[in-house]
Every structure is written in structure tokens, then in C-alpha cells.
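Letter by letter, the chains look like this.
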Amino acid sequence: MTTQTAPWTNPPKREKTLRRRRAEKLARRAESWGRRLEEARTEGPDVVTAVAFDRLRAAFDQLPGSLRDRAYEAATVALDRVRETHTE
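Residues numbered from 1 in each chain as written. Predicted model: local features only at pLDDT ≥ 70, side-chain atom pairs only at ≥ 80, totals over all residues. Heavy atoms only, no water.

Enquirer: Would you explain the pattern of salt bridges in this entry?
Expert: Pairing is possible between side chains of opposite charge, provided their charged atoms come close. This structure, assessed with the given rule, holds seven salt bridges. A salt bridge links Arg20 to Glu24; the shortest N-O distance between them is 3.1 Å. Of the two residues, Arg20 and Glu24 both sit in helix 1 (residues 18-43), four residues apart, roughly one turn of that helix. Taking relative accessible area as the criterion, Arg20 reaches 46% and is therefore assigned partly exposed. Put simply, Asp80 and Arg83 hold a salt bridge, and the shortest N to O gap is 3.6 Å. Here Arg83 and Asp80 lie together in helix 3 (residues 65-87), a separation of three residues that amounts to about one turn. (Salt bridge = Lys/Arg side-chain N within 4 Å of Asp/Glu carboxyl O. Helix = DSSP H or I, 4+ residues; strand = E, 2+ residues; numbered from the N terminus. Buried < 20%, exposed > 50% of the residue type's maximum accessible area, 1.4 Å probe, protein only.)

Encoded structure:
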């Protein structure tokens, strides 16, 4: 007769660590955004701007509430600076 330990006392065996899975996910996301930006550059500046705003919005969605408010404010200030610089 063999005795087996209970499954809840043994940690799960993972093929990849959570740290590695997160790093791979971030790398895939960065590669995807890079590919989208390269494709947008062939289309023109309007499409590049649209992709950049999509990326910014996606980043803001991942932030907690208080940081999101500060990030929106910083983005608004930066856009105002760009507008002022290029309307002169």
C-alpha cells in the first residue's frame, strides 16, 4: 500500500513561472504595438496618431484610479504643448 500526500499540501508544478509568463506577455504586447506602429507608418501620420492614442488609452485602462487621473492630466498638458508648438 502506498501513501500519497494530499494535493493541497503540494504546490502546483508549473511549466513556466508566473514571472516568466508575465514577461512573455509584456514582450508579446510590445511586439504587437511595434508591429501596429510600423504598419501605421506606411499609412500616414493620421493612422500613426490613432494607433498612438489607442496605445495610450490601453495603458491608462490598466492604471488604478488615482494614477489614471494624474496620467490623463499629464497627457492633456502634453497635447496642449504639442498643439501650441505646432500652431505657431
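Next, the rest of the story.
Enquirer: What am I meant to see in a nonpolar patch on the surface here?
Expert: Taken together, Phe53, Leu56 and Leu79 make up a surface patch of nonpolar side chains, about 230 Å² in accessible area. Among the structural elements, Phe53 can be located in helix 2 (residues 45-61). According to the relative accessible area criterion, Phe53 is partly exposed, its value standing at 34%. (Patch = residues over 30% accessible without salt bridge, like charges linked within 9 Å, V, L, I, M, F, W, Y side chains within 5 Å. Areas by Shrake-Rupley, 256 points an atom, 1.4 Å probe, with all protein chains shown as cover.)

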